[in-house]
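Chain residues, written in single-letter form:
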Amino acid sequence: MNVKISLPDGSVREYPQGVKGIEIASSISEGLARVALAIEVDGEIRDLARPIDNDASIKILTWNDKGGKSTFWHSSAHLMAEALEALYPGVKFGAGPAIENGFYYDVDLGGRAFGEDDLAALEAKMKEFAKKDSTFDRSSVSKAEALKYFTEKGDEYKIELINDLQDGTITFYKQGNFTDLCRGPHIPNTGFLKAIKLLNVAGAYWRNNQNNKMLTRIYGITFPKAKELEEYLHLLEEAKKRDHRKLGKELELFAFSERVGMGLPLWLPKGTLLRERLEQFLRRAQVKAGYDPVVTPHIGSKQLYVTSGHYEKYGKDSFQPIRTPDEGEEFLLKPMNCPHHCEIYRTKPRSYRDLPVRLAEFGTVYRYEMSGELHGLTRVRGFTQDDAHIFCRPDQVKEEFVKVIDLVLHVFNSLGFENFTAQVSLRDPENKAKYIGDDELWDRAEREIQEAADERGLKTVAVQGEAAFYGPKLDFMVKDAIGRSWQLGTIQVDYQLPNRFELEYVGSDNQKHRPVMIHRAPFGSLERFVAVLIEHCAGKFPLWLSPDQIAVLPISERFNDYAKIVYDKLKEQDIRGLLDDRDEKIGRKIRDAETKKIPYMLIVGEKEVAENKVAIRRQGQGDQGSVLLEEFVNSFKLECAAPV
RNA sequence: GCUGUUGUAGCUCAGUGGUAGAGCACUUCCUUGGUAAGGAAGAGGUCGAGAGUUCAAUCCUCUUCAACAGCUCCA
């Protein structure tokens, strides 16, 4: 009996029934067999050693395949577990999956301390075991056998996992002296794991539940070649240099002060310049798009948030109300701008002809975030949203939504964010109690969002459980330097708040109708957006945003007067920058300006004074030659225009 | 909030049970230099905060605050 095996190139080969993946690989080429890690059989990744009994289309997976990498890392987690068991007898194991970059294993060390220092010893043990070329052997076990094994071993975590599994589907994998409950698949043997690096240790709740015991999570990464590991570690170092917290300090953009309070950023003059340029850019775009700017206070009566539903949902986990001394009135720091905007909508009767009403505000809001959540400018307790609320008729929802998508895309394109993910954030169908409003409106809102995204050809990823409590969202996710994903732009359809605030408009039928709200913020928050922007451009901002656009550098003090004239002329033209008239050599001044990532350096000495010129040096690009000052101003002006 | 790590000069970091050090930055002087660090001198710290052990604590213990990594959370 033969089976027909289709290969990725479309060819079909016949093999005896029960042929193993590794045998197929060998039959294709010895080279492939040497680097083969796993095999994809009809879309399912399997061990190379598993027999194939039926016709199938297959793909041999190597390090270059995503599935190959994840198999490699998953096997690495098993290797680490083997080493852990050798070093820490009686250790209990939680889960140990492959992740985007590497793997981890959650373990219960029984109260033994495990710090960064212990990583080195564990890593050494792993390397020792890896060299044994132990094979990963798969075996099917009955539920009873599985339970017996782990009961004898005393690993309650695995027992819990097994209890959730169906009898007949349970498999063990064994390499060396280590046996683990595992669905697989695995690479052929531990010898493939040549370059091993354990990265860090952290706590993680068992089954991701805050109420469960906290286990020790050990992160690591492995590669088939030492050189690849080196490159990866180098990449990590480079990424650290782009960290907005580091650059924010170095470039004097923002700071934090313990005395002011954690998570409360202080915007320094240069950072403020940057931020204001961004605001101005969006303000102009929004005027064009028919938004009306409004301003509302930083606090609001508690009653406002009781009405909106925010108090019930977040009241306990918010900054607590501020009380007036005499009357005992309660006010909340505003965590959202929408309730205020609803009240603006209510200031006068609205006709269907007035809609959509688009109210925009750079509104600063304050949210209590748990201390462990705070992170540079990406997660703070006080931040400014580029918020707006669109009040429209139900028949306008999709059109308005699409317009907002266009605005968000315009913002992203203008700032060079190309690698974003459009995430449709839906509610958690398992836990509808977390949300307000009835199913029909939710379904409708979710449908409208998807349709609007499709209309603009956005490739979307739907994620359940990520919706706001009042409605689904379309979130624009961007990764930071270290690969962490952050939500920037967001667009949300909301049928609930108009109900709660009893918003109305008079329709063409002279009857009262309820408008629909769209919440939207293209940047999301200025703080987070600036953080991600810093990391994207590594602190080298586009000219129109750069806090310092030019540095005028006289060759020596003899030319300070001319340099001052040049500097003043540039200032007259609203060109931002500095004059470095320190008593330093030109090399030094250049180095300092380069370090500060100032886009243009204008060097002036004897020749420039004589000809009324400036010598141009571009940051990171070196000497660009000399031009007349007027010429420079003209070309600069063209280049520094903000996108529209 | 939880687990772990860290906290020494403006920044980056050494260091020790006997009240502190480097480099850069800063100030002054010398130098007037043509595309990424010229030279010298000087100033600068309650060693995160509080309590305890000790003859003596920056160092050991406890508490607390903050930062970092991850988890959980995120209107």
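Predicted model only: the values in this text are computed from it and were never measured.

How should I be thinking about the protein's contact with RNA strand B in this particular structure?
RNA strand B sits among 52 residues. The nearest are Met 262, Met 336, Glu 373, Asp 583 and Arg 588. One of the backbone N or O atoms of Gly 203 is found 3.3 Å from a base oxygen in RNA strand B. One nitrogen or oxygen atom from the side chain of Glu 557 is found 2.8 Å from a base oxygen belonging to RNA strand B. Those elements that provide at least two residues to the surface near RNA strand B are strand 14 (195-205), strand 15 (214-223), helix 8 (244-250), helix 11 (310-314), helix 18 (586-595), helix 19 (606-611) and strand 34 (613-618). Here the surface near RNA strand B gets 6 residues from one element, more than from any other, and that element is helix 18. For the surface near RNA strand B, a count of residues per class yields 18 nonpolar, 13 polar and 21 charged.

Could you clarify how one ought to interpret the UniProt feature "binding site: Zn(2+)" (unreviewed entry) in chain A in this entry?
UniProt's entry tags Cys 338, His 389 and His 519 with the feature "binding site: Zn(2+)" (unreviewed entry), counted in the numbering of this structure. These annotated residues cover 182 residues of sequence, and their C-alpha atoms lie no more than 7.7 Å from one another, placing them together at a single site. The residue Cys 338 is located in helix 12 (residues 338-345) in this model. When sequence neighbours within four positions are dropped, the list of residues in contact with Cys 338 reads His 310, His 389, Leu 497, Met 517 and His 519. In this structure, His 519 sits in strand 30 (residues 516-521). Take His 519: its relative accessible area is 4%, and that puts it in the buried class. Once residues lying within four places of it in the same chain are set aside, the contact partners of His 519 are Met 336, Cys 338, Ala 388, His 389, Tyr 470, Thr 490, Ile 491, Gln 492, Asp 494 and Leu 497. Within the local environment of His 519, its side chain forms a polar contact with the side chain of His 389, the two groups lying 3.2 Å apart.

Just checking my understanding: could you explain the packing of helix 3 (residues 66-87) against helix 4 (residues 116-130) for this structure?
Any two packed helices are characterised by how steeply their axes cross, that is the angle between the axes, and by the distance between the axes. Remark: helix 3 packs on helix 4, axes separated minimally by 9 Å, with the N-to-C direction vectors making an angle of 110 degrees. Regarding the angle of helix 3 to helix 4, the classification is roughly perpendicular. Handedness of the helix 3/helix 4 crossing: right-handed. Across from Ser 76, Leu 79, Met 80, Glu 82, Ala 83, Leu 84, Ala 86 and Leu 87 in helix 3, the residues of helix 4 making contact are Ala 121, Leu 122, Lys 125, Met 126, Phe 129 and Ala 130. Across the contact of helix 3 with helix 4, the residue classes tally to 11 nonpolar, 1 polar and 2 charged.

What's the story with the pairing of strand 7 (residues 56-61) in this structure? I'm lost.
Bridge analysis of strand 1 (residues 2-6) against strand 7 gives 2 bridges, and the strand direction is parallel. Bridging from a neighbouring strand, Ser 6 pairs with Ser 57 of strand 7. Sheet topology places strand 4 (residues 38-41) next to strand 7; 4 bridges connect them, and they run antiparallel. Note that in strand 7 the partner of Ile 39 across the bridge is Ile 60.

What should I look at first to understand the layout of surface pockets in this one?
One simple way to see leftover space: roll a probe sized like a water molecule over the atoms. Of the pockets and cavities examined, the second largest pocket occupies roughly 1300 Å³. What lines the second largest pocket is a set of 28 residues, and nearest its centre among them are Asn 200, Tyr 219, Ile 482, Gly 483 and Arg 484. For the lining of the second largest pocket, the secondary-structure elements that each account for two or more residues are strand 14, strand 15, helix 7 (226-242) and strand 27 (485-494). Top element by residues in the lining of the second largest pocket is helix 7. It accounts for 7 residues. A class-by-class count of the residues in the lining of the second largest pocket yields 14 nonpolar, 7 polar and 7 charged. Mapping the lining of the second largest pocket onto the domain boundaries places at least three of its residues in each of domain 2 (67-241) and domain 3 (255-537).

I tried to follow the UniProt feature "domain: Aminoacyl-transfer RNA synthetases class-II family profile" (unreviewed entry) in chain A on my own but got confused; where do I start?
Residues annotated by UniProt as "domain: Aminoacyl-transfer RNA synthetases class-II family profile" (unreviewed entry) correspond here to residues 243-554. Note that residues 243-554 is 32% helix and 26% strand, and that its end C-alpha atoms are spaced 33 Å apart.

When you look at the domain arrangement of chain A in this model, what are you seeing that I'm missing?
Often, the extent of an interface is quoted as the loss of accessible area on bringing the components together. Annotation of chain A at the domain level lists domain 1 (2-62), domain 2 (67-241), domain 3 (255-537) and domain 4 (550-640). Summarising the inter-unit geometry, the C-alpha centres of domain 1 and domain 3 are found 50 Å apart.

Just to check I follow, could you spell out helix 4 for this structure?
Under the 1.5 Å per step criterion, the end-to-end length of helix 4 is 21 Å for 15 residues, consistent within 8% with the ideal 21 Å. Where the residues of helix 4 are buried, they touch helix 3, strand 10 (102-108), strand 14 and strand 15.

What is the right way to look at a negative patch on the surface in this model?
Where like charges cluster on the molecular surface, the negative patch consists of Glu 557, Asp 581, Asp 583 and Glu 584. When you line up the elements, Glu 557 lands in the loop between strand 31 (550-554) and helix 17 (560-572).

So what exactly am I meant to see when it comes to the packing of aromatic side chains here?
The geometry of an aromatic ring pair is captured by the separation of the ring centres together with the interplanar angle, meaning the angle of the planes. Within this structure, the stated rule accounts for 28 aromatic pairs. For the pair Tyr 104 and Tyr 219, a centre-to-centre distance of 5.5 Å together with 55 degrees between the ring planes defines the contact as tilted. Taken together, the residues span a long stretch of sequence, with Tyr 104 in strand 10 and Tyr 219 in strand 15 at a distance of 115 residues. Note on Tyr 219: relative accessible area 24%, which makes it partly exposed. Between Phe 150 and Phe 172, the aromatic rings sit 5.5 Å apart at their centres with planes inclined by 75 degrees, giving edge-to-face as the arrangement. Residue Phe 150 is located in helix 5 (residues 143-153), and its partner Phe 172 is located in strand 12 (residues 171-175); the two are separated by 22 residues in the primary sequence. Accessibility expressed as a relative area gives 6% for Phe 172, which makes it buried. Taken together through their ring pairs, the aromatic side chains of Phe 412, Phe 417, Phe 420, Phe 476, Phe 523 and Phe 529 make up a single cluster. Over the ring of Trp 63 we find Lys 69; its NZ or CZ atom is 5.0 Å from the centre of that ring.

Sorry if this is basic, but what is going on with the pairing of strand 34 here?
One face of the sheet, then the other: side chains in a regular strand alternate in exactly this way. Here strand 33 (residues 600-604) runs beside strand 34; their pairing, made up of 4 bridges, is antiparallel. Across the sheet, residue Leu 602 finds its bridge partner in strand 34, namely Ile 616. Pairing of strand 34 with strand 35 (residues 622-628) involves 5 bridges; the strand directions are antiparallel. Bridge pairing links Val 614 to Val 627 in strand 35. With antiparallel pairing between neighbouring strands as the criterion, strand 34 and strand 35 make up a hairpin whose turn holds 3 residues, including Gly 620 at a positive phi of roughly 75 degrees.

Please explain the pattern of salt bridges as it appears in this structure.
Tallied over the full model, the rule gives 50 salt bridges. Between Lys 148 and Glu 152 there is a salt bridge, with its nearest N and O atoms 3.5 Å apart. Residue Lys 148 and its partner Glu 152 are located together in helix 5, separated by 4 residues, close to a single helical turn. Its relative accessible area of 62% is what places Glu 152 among the exposed residues. Of the charged contacts in the structure, one is a salt bridge between Glu 330 and Lys 302, with a shortest N-O distance of 3.1 Å.

For this particular structure, what's the right way to read the state of the cysteines?
The bond known as a disulfide is covalent and runs between the sulfur atoms of two cysteines. If you walk through the whole model with that rule in mind, you get 0 disulfides. A disulfide-free cysteine, Cys 338 has its sulfur positioned 6.5 Å from the sulfur of Cys 342, the nearest such atom.

Cut-off values and rules
- Residues numbered from 1 in each chain as written.
- Chains lettered and ligands numbered in written order.
- Predicted model: local features only at pLDDT ≥ 70, side-chain atom pairs only at ≥ 80, totals over all residues.
- Heavy atoms only, no water.
- Near = heavy atom within 4 Å.
- Polar contact = N/O pair within 3.5 Å; in protein donor to acceptor, adjacent residues only side chain to side chain.
- Helix = DSSP H or I, 4+ residues; strand = E, 2+ residues; numbered from the N terminus.
- Nonpolar A, V, L, I, M, F, W, Y, C, P; charged D, E, K, R; others polar.
- UniProt positions renumbered as here; feature names shortened; annotations may be inferred.
- Contact = heavy atoms within 4.5 Å.
- Buried < 20%, exposed > 50% of the residue type's maximum accessible area, 1.4 Å probe, protein only.
- Axes fitted to C-alpha atoms, helices over the stretch in contact; angles between N-to-C directions.
- Parallel < 35°, antiparallel > 145°, perpendicular 65-115°, else oblique.
- Left-handed = near helix turned anticlockwise from the far one by under 90°.
- Pairing = 2+ DSSP bridges.
- 1 Å grid on protein atoms, 1.4 Å probe; cavity = no way out; pocket = protein on both sides within 12 Å on 5 of 7 lines; lining within 4 Å.
- Points joined across faces, edges and corners; volume = space filled by probe spheres on them.
- Domains from an automatic or database assignment.
- Expected span 1.5 Å × (residues − 1).
- Patch = residues over 30% accessible without salt bridge, like charges linked within 9 Å, V, L, I, M, F, W, Y side chains within 5 Å.
- Areas by Shrake-Rupley, 256 points an atom, 1.4 Å probe, with all protein chains shown as cover.
- Salt bridge = Lys/Arg side-chain N within 4 Å of Asp/Glu carboxyl O.
- Lys, Arg positive; Asp, Glu negative; His and termini not counted.
- Charge placed at Lys NZ, Arg CZ, Asp CG, Glu CD.
- Phe/Tyr/Trp six-rings, centres within 6.5 Å; stacked < 30°, edge-to-face > 60°.
- Lys NZ or Arg CZ within 6 Å of the ring centre and 35° of its normal.
- Disulfide = S-S within 2.5 Å.

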